[in-house]
Amino acid sequence: MTRPLPATRSPESADSFDVGRYIDGVAGLFGGVANVIMQLSTPPVGYGVLESTVHSGNVMLHPIKRLRTTLTYLSVAMLGTDEERTAYREAVDVSHRPVHSTASSPVRYNAFDPALQLWVAACLHWGAQDLYERMHGPMDEATADAFYHLAARLGTTLQMPESMWPADRRAFAEYWATNLAKTSIDPVIRAYFDDLVDLRMLPRPAQLAFGRLHRFFVTGLLPERLRAEMGMTWTDRDERALAHILRAVGATQSRLPRPIRLFPLNAYLLDMRVRRRLGLRLV
């Protein structure tokens, strides 16, 4: 995935881009945990999550609430208004304030570190485009440019300055390759990831019913380097099977009415708007 990239068009040309046409709500069900592994494979992010004292956001303790928070963030970042992104950023800031390393932490981290937020946003963008193209085929260059420039919102809806987002897709590819090469997963973080992959936050029947299939999707959607870090195996036959599944799902999704195709992201966006109107907590 390191093919040369052509010159890209300016960020201003993406202003009227209808990003909702290129978002499948079901994609998060396939790629969610794989993307979490990407994000947390840089140790400061990994230990920031593992050591967090904000237990209400702990996926192992409150999986439904964590799902709502994460999908609401994605929906606001990509489909919300500027005002809504500002409101959600302020709400996330409240949760992030206690998340910083202590004297006993194995690495130094702070949830407000914009470089770490850039990495999180980069993982989300890489995963979103990778899944879209697996499901629907490659984007044309103009679409890929516009989709890329709008993806800066994945960082700016946190505390990442827009100026930190790589200037174009070529610069992003260089950033991605350089920083992916620096990732590492130690035994402590790997054990946490295995719990996520095997759905150990869910009741035992759900683990038995869906755990093996979930591991298949997570393994297939990870970059090869992180599969190796996780000690996962993946064959050409596995790759062909995953490709057939995702293209079939993509073909089905493309025929659905837009509100159904965007679900559940549109539902979480509506939930956030209702919460704002009623003065309820957003995170």
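For the structure itself, consult the block above.
Chemist: Looking at this model, I keep getting lost on the nonpolar core. Mind explaining?
Modeler: Generally speaking, soluble globular proteins have nonpolar side chains that are buried together. Ranked by internal contacts, the top residues of the largest apolar core, which has 81 residues, are W165, W176, F193 and L222. Counting residues per element, this core draws most heavily on helix α5 (residues 114–136), at twelve residues. Residues within four places of L222 in sequence aside, it is in contact with A34, I37, M38, R227, M230 and M232.

Chemist: Where do I start with the side chain of T157 in this structure?
Modeler: Relative to the helices and strands, T157 is located in the loop between α7 (153–156) and α8 (169–180). At a separation of 2.6 Å, a polar atom in the side chain of T157 contacts the main-chain carbonyl oxygen of R153.

Chemist: What should I look at first to understand the pattern of salt bridges in this one?
Modeler: Two side chains of opposite charge can pair, provided their charged atoms sit close to one another. All told, the structure shown has 13 salt bridges when counted by the stated rule. Among the ionic pairs, R276 bridges to E83, the shortest N-O distance being 3.4 Å. One end of the pair, R276, is in helix α14 (residues 265–278); the other, E83, is in helix α4 (residues 82–96), with 193 residues separating them in the sequence. Since its relative accessible area comes to 54%, E83 is described here as exposed. Linking R169 and E141 is a salt bridge whose minimum nitrogen-to-oxygen distance equals 2.8 Å. One end of the pair, R169, is in helix α8; the other, E141, is in helix α6 (residues 141–150), with 28 residues separating them in the sequence. R169 gets classed as buried once you look at its relative accessible area, which sits at 9%. Through salt bridges with shared partners, one network takes in D194, D195, D198, R200 and R215.

Thresholds, definitions, all that
Residues numbered from 1 in each chain as written. Predicted model: local features only at pLDDT ≥ 70, side-chain atom pairs only at ≥ 80, totals over all residues. Heavy atoms only, no water. Core = buried A, V, L, I, M, F, W, Y, C linked by side-chain atoms within 4.5 Å. Buried < 20%, exposed > 50% of the residue type's maximum accessible area, 1.4 Å probe, protein only. Helix = DSSP H or I, 4+ residues; strand = E, 2+ residues; numbered from the N terminus. Contact = heavy atoms within 4.5 Å. Polar contact = N/O pair within 3.5 Å; in protein donor to acceptor, adjacent residues only side chain to side chain. Salt bridge = Lys/Arg side-chain N within 4 Å of Asp/Glu carboxyl O.

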